Amino acid sequence: MNDEGTTKREAAGTRIEFRDITKSYDGSTMVLPGVNLEIGGGEFMTLLGPSGSGKTTCLMILAGFEAPTSGEIRVNGKRIHDLPPQKRDMGMVFQNYALFPHMTVGQNLAFPLEVRGMAAAERGRRVGRALEIVRLEGFAERRPGQLSGGQQQRVAIARALVFEPGVVLMDEPLGALDRRLREELQLEIRSIQRELGVTMVYVTHDQQEAMTLSDRIAVFNAGQIQQAASPETLYEEPATEFVARFVGDNNLLRGTVRSVEGELCQVEVGGGVIEAFMVEPLAAGAGTVLAIRPERVVLSPSIEYSNSVAAGVEDMVFQGDHWRIRVSVFGQSDFFVKIPNFIGQGGILPGDQIRIGWTTIDCRALADNSPRAA
């Protein structure tokens, strides 16, 4: 595909569907008990979850390096199970770069094109274009050992892009880099994806990385997708307790629904009553988990909040741009408040008794599916 505009349009149309994908390595234990997920053309989808949650297995099945036990994957409506990895029109970026040390950068990039039988002139054009995209013009004659870690990862990204695939897959590609370089490359990867319009599927356990990069995030736990939504929706409207815990900081309070009125409910928590917004319908008497973000909690509120409770200051941690304050409420000593670092806020000390408050809409009532609730 020599026309760059055509490449972008075709890439933007690359849609992916996981349909009831299961995976078992021993015939009895299901690593993936049934994954359903649709990824739009040109979308940046991140598979996020802790180690062993099934996200990398999903990526390997999509790439063709693993076979599903059952179910199917469709790309633009067509089953791809009979296609080997090299026939799936997908570029792959690994954490360990996987570059050939005896080859130059240019040769590393040209190799997948040679395997596809591409003419030398076209190989040269595509290698030059890929190096331009990752800002490594002039590095074609260097060997991987002469490059920094960040430059090597750029080469790995360029190699995944060089044959102009419809889909690019990335498996923890920045995990070996230091924080500053990782943050820099996150922005570059996002910029490249937007420029090319390619569909990208990215695996990480780093929630901040997922929030920075993604159009949508699928949160995995124990082989199942807990929620797939935009970063903002996952943060503001977590659908399950696991998502509330895993995506950003959250204070969680367990209680029992006392009454329900519309989308709001009154919840008994440790001898007090909290008003909350219901994420899903809950009935009186049901167990619930309340999720409140630390930055949504106000110290010594000057206005009347729907939820205002007494708290004891247990500890204070300075974290540069903000203070992280641990307080005890309702007999629970791991409730956190996050406040900006500003001049004159230092009037609070450990041991102080204060009041804190938050709005109803910032207090999300989730179903309590813990064994204790059952």
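Because the structure is predicted, anything quoted here is derived from the model rather than measured. (Residues numbered from 1 in each chain as written. Predicted model: local features only at pLDDT ≥ 70, side-chain atom pairs only at ≥ 80, totals over all residues. Heavy atoms only, no water.)

Colleague: Run through the nonpolar core, naming residues and quoting values.
Modeller: The biggest cluster of nonpolar side chains holds 38 residues, and the ones touching the most others in it are Leu-109, Ile-157, Met-170 and Ile-189. Where this core is concerned, the elements lending two or more residues are helix 3 (105-115), helix 4 (120-133), helix 5 (149-161), strand 7 (167-171), helix 6 (179-196) and strand 8 (199-204). The leading source of residues in this core is helix 5, at six residues. Those residues within four positions of Ile-157 in sequence are excluded, and the remaining contacts are Val-93, Val-134, Met-170, Ile-189 and Ile-192. (Core = buried A, V, L, I, M, F, W, Y, C linked by side-chain atoms within 4.5 Å. Buried < 20%, exposed > 50% of the residue type's maximum accessible area, 1.4 Å probe, protein only. Helix = DSSP H or I, 4+ residues; strand = E, 2+ residues; numbered from the N terminus. Contact = heavy atoms within 4.5 Å.)

Colleague: Give a description of the environment of Arg-293 that names residues and reports values.
Modeller: Topologically, Arg-293 is positioned in the loop between strand 14 (287-292) and strand 15 (298-299). Of the residues examined, Arg-293 reaches a relative accessible area of 5% and is grouped as buried. The sequence separation of Arg-293 and Gly-357 amounts to 64 residues, and the corresponding C-alpha distance is 12 Å. Residues in contact with Arg-293, not counting those within four places in the same chain, are Leu-234, Tyr-235, Ala-244, Val-247, Gly-248, Asp-249, Asn-250, Asn-251 and Asp-362. Engagement of the side chain of Arg-293 in a polar contact is seen with the backbone oxygen of Asp-249, the distance being 2.7 Å. (Polar contact = N/O pair within 3.5 Å; in protein donor to acceptor, adjacent residues only side chain to side chain.)

Colleague: Help me get a handle on the sheet that holds strand 10 (residues 224-229), residues and values and all.
Modeller: Strand order in the open sheet formed by six strands is 6-7-8-3-9-10, and the pairing between neighbours is mixed. Edge strands, defined here as strands with exactly one partner in the open sheet, are strand 6 (90-93) and strand 10. Mean inter-strand twist for the sheet, computed between neighbouring axes without regard to direction, equals 15 degrees. Taken together, the five bridges between strand 7 and strand 8 define a ladder with parallel strand orientation. Along strand 8, the bridge assignment pairs Asp-171 with Val-203. Helix 2 (residues 55-63) contacts strand 3 (44-48), strand 6, strand 7, strand 8 and strand 9 (216-221) of the sheet and is inclined by roughly 145 degrees relative to strand 7. (Pairing = 2+ DSSP bridges. Axes fitted to C-alpha atoms, helices over the stretch in contact; angles between N-to-C directions.)

Colleague: Tell me about the sheet that holds strand 18 (residues 332-340), and name the residues and values.
Modeller: What the five strands build is an open sheet, ordered 15-19-16-17-18; its pairing is antiparallel. Unpaired on one side and paired on the other, strand 15 and strand 18 mark the two borders of the sheet. Alignment of strand 15 against strand 19 (residues 353-358), held across two bridges, turns out to be antiparallel. By the bridge assignment, Val-298 is partnered in strand 19 with Gly-357.

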